[in-house]
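# Chains, contacts and geometry: an overview
Listed here are the chains, written in short residue letters.
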Amino acid sequence: MEQEWVNEERGDEGLIEFYSSFKDMFEFFCKNTTIHGTIRLVCSSSNRMKTAFWTLLFLASFGMLYWQFALLFSQYWTYPVVMTMSMHSEPKMFPAITLCNLDPYRFDLVSEKLAQLDQMTEEAIANLYGHKTSIVSSRYKKDIRVKGGSANLSSSSFQLNRHISLVMLKGPDTGSKKKHFKVGFKLCNATGGNCFYKAYSSGVDTIQEWYRFHYMNIMSQLPLIINISSHEEHIQNLVYSCQYDGEPCRESDYIHFHHQVYGSCYTFNSEGTDLFWKATKPGISYGLSLILKADQNDRLPLLSTVAGVQVMIHNHNQTPFLEHEWFDIRPGIVTNIGIRQDEVHRLGGNYGKCTVDGEDVDVKLLYNSSYTLQACLHSCFQDKMVERCGCGYYYYPLPPGAEYCNYNKHPGWGHCFYQLYNRLADHHLSCFAKCPKPCWESWYKLSAGTAKWPSTKSQILSRQKGYNSTNNRRDIAKVNIFYQQLNYRSVDESPVYTVNLLLSNMGSQWSLWFGSSVLSVVEMFELLLDIMVLSLIFCYRRVKAKKTLKMAQPLAISSVSLTLENYRAVHEDLAADSNSARTNQNVGTVAKTKNGDLPFHSICNKTPTPELNPDVVLNGFRHIKDHSVEIDLNS
């Protein structure tokens, strides 16, 4: 029996609205929704052409709407960013300044091999250019003695590889009469095959690179940890004068370290926590002023052909990579370096790959400093070197358990290194994918000006500590490093499409195509919910109806005849008949229902098979089998 909580004809209302069909539900929705145009789908049902036209128009608008939604979501899921630039002005901490004298130590453990390398270099230059030169300086300082090491490597198994020598190579044919030549040296793999020439158009660059290659093989024989504190040079050997903001520098303002190529180095304001280095005013008078010893190095002259001091300006608590971001201070020159700071803030996450402190990076840093992209790339490259070449590059720190390369023990390491380094330079290694940029990064833009210094009549140098009048003015230099302005530029990433903007654009498109609001969307969800509920109700009713029909079907009773020919009618009271039916084991009863139907109800007893000719009650008469009639018929 169907029950309705809401019936429009009766005007009754209930708690839950119930539709008799999907058509009624759709008509109710189209007539009462706030979505524009839906009423046209049902108001002109008698005009099929109009109904079809508005149906097509509604579907087309619906399709255009969701096409626009797809475009909006595709743009949002690309997570584009926009760079916002802002200017800030406030007192800032002065950056870290690193100075190196380009004069690395000569350790006594390898001094003899270095002398052999110098002699081999002189011979190579004589063979290439036809004239002899002397690169061995007579002003060698005393070699640094390595504690616990032998006097030299003369008795060891290490030998310089003279097969890796400099050769003259013919350059490409340009069609001109002038011949082009290059200088290079040959490198092969461990089996002596797959050889190539490492060549440069400049002979000076080639000789320097070839010298460094042999130098790394020699220096790899040194212990990994060398105590040079007892031989540490005093800063006065490099810096004659140091002032910041008009105040003399203190011993606690710098730290000393030794670089394999760049020699003795000093970093001022390395931590960036001392308020002494707080910059409150811009200008040359409020910066760092240094008078430096800038003569030609006299220990390993071929490691660098530059006379002077190498300087790098970098952030605090960061490893100075002088081979990438340095500039030279030339002797006899005063150099004024104006700096301006820029900052960038990256969003990270879905908007780009970046790291806050490097803890989430797959590469383990080999440097004891804060995370930088360069430190990560060097660490990743060293791991690749150890993995593919079997040893580590001498200029980078070693991972645990590894050793530095030398061609006596690893014959093909040079071939492996240069090919691997070229792949890194071409971004073909996975290091750039593994090493993200920092989410916060700061760098310094420099502007420089130079002038000859000092004048020939200047007497100021005679008052500088460590300098006397017999020194050559061409062996000194002055550098002033200062903030041009305390203003700094901050570049911040911000998302192009935020969630609010996405919802706003979606609302604009919805209003354009349907002229409705958020409540209209709720109405559509309500319609979908009603469709699901009504479908469930109809399914439930259908299943229930099938179950009821199956239970109402009579059981087939074999050999039961309702033919009244062989029965005689006996009128009895129904009450008495019911009492006699209880005593009878096999009785079939046909009773009239309230609506006049005659459904058959079988009553089963202990005997599963009914009697062949049972007594039958029809309309108040008991029909009993008349055996005499049956006998007559049979006869």
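Let us look at the structure shown here. (Residues numbered from 1 in each chain as written. Predicted model: local features only at pLDDT ≥ 70, side-chain atom pairs only at ≥ 80, totals over all residues. Heavy atoms only, no water.)

### Considering the overall build of the protein chain
For the record, the criterion: Labels follow the DSSP assignment, with helices taken as runs of H or I lasting at least four residues and strands as runs of E lasting at least two, numbered in each case from the N terminus. A 1.4 Å probe rolled over the protein chains alone gives each residue an accessible area, and that area as a share of the maximum for its type sets the label: buried under 20%, exposed over 50%, partly exposed in between. Throughout, a contact is declared for two residues whenever any of their heavy atoms are within 4.5 Å. Areas reported here follow the Shrake-Rupley algorithm with a probe of radius 1.4 Å; residue values treat only the protein chains shown as occluding.
Summing up its helical and strand segments, the protein chain has twelve helices and 25 strands in all. Classification of the 635 residues of the protein chain by burial places 38% in the buried group. Sequence separation of at least 24 residues holds for 73% of the intrachain contacts in the protein chain that already meet a minimum separation of 6. For the protein chain, the exposed surface amounts to about 37600 Å²; the carbon and sulfur share of it is 55%.

### Things to note about the pattern of salt bridges
Selection rule: When a carboxyl oxygen of Asp or Glu is within 4 Å of a side-chain nitrogen of Lys or Arg, the pair counts as a salt bridge.
Tallied over the entire structure, the rule returns six salt bridges. Across the salt bridge formed by Asp342 and Lys445, the nearest N and O atoms sit 3.4 Å from each other. With Asp342 in strand β15 (residues 333-345) and Lys445 in strand β18 (residues 440-452), the pair connects residues that are 103 residues apart, well separated along the chain. When its relative accessible area of 6% is taken as the criterion, Asp342 is described as buried. Between Asp342 and Arg489 there is a salt bridge; the shortest N-O distance is 3.0 Å.

### A short note on the state of the cysteines
So the rule is basically this: For this text, the term disulfide refers to a pair of cysteine sulfurs within 2.5 Å.
Inspection of every chain in the model, using the stated rule, returns eight disulfides. The side chain of Cys389 participates in a disulfide bridge whose partner is Cys416; the two sulfur atoms lie 1.8 Å from each other. Residues Cys389 and Cys416 are joined through a disulfide that is left-handed, its torsion about the S-S bond being -80 degrees. Taken together, the positions of Cys389 in helix α6 (residues 373-389) and Cys416 in helix α7 (residues 413-425) put the pair 27 residues apart, joining distant regions of the chain. Each member of the pair Cys389 and Cys416 is classed as buried. Shown here is the disulfide that connects Cys391 with Cys405, its sulfur atoms set 1.8 Å apart.

### Remarks on the pairing of strand β12 (residues 288-293)
It is a general feature of regular strands that their side chains alternate between the two faces of the sheet. Applicable threshold: Here the rule is simple: two strands pair whenever DSSP picks up at least two bridges between them.
Counted residue by residue, β12 has five buried out of six residues, so it is predominantly covered. One ladder, built from five bridges, connects strand β7 (residues 239-244) with β12; its direction is antiparallel. The residue of β12 that forms the bridge with Cys242 is Leu290. Where β12 and strand β19 (residues 476-483) come together, six bridges link them in antiparallel fashion. Bridging across to β19, Leu288 finds its partner in Ile481.

### Examining the sheet that holds strand β5 (residues 181-187)
What counts, and what does not: Note on geometry: axes are lines fitted to C-alpha atoms, helical ones only across the stretch in contact, with angles between N-to-C directions running from 0 to 180 degrees.
The antiparallel open sheet is built from three strands, whose spatial order is β4-β5-β6. Single-partner strands in this sheet number two, and they are β4 (166-170) and β6 (196-200). The average undirected angle you get between the axes of adjacent strands in this sheet is 45 degrees. Alignment of β5 against β6, held across five bridges, turns out to be antiparallel. Paired with Lys186 across the strands is Tyr197, a residue of β6. Against the sheet, helix α3 (residues 111-129) makes contact with β4 and β5, and its axis sits at roughly 25 degrees relative to β4, the strand it touches most. Lying on the sheet, α7 is in contact with β5 and β6; it crosses β6 at an angle near 60 degrees.

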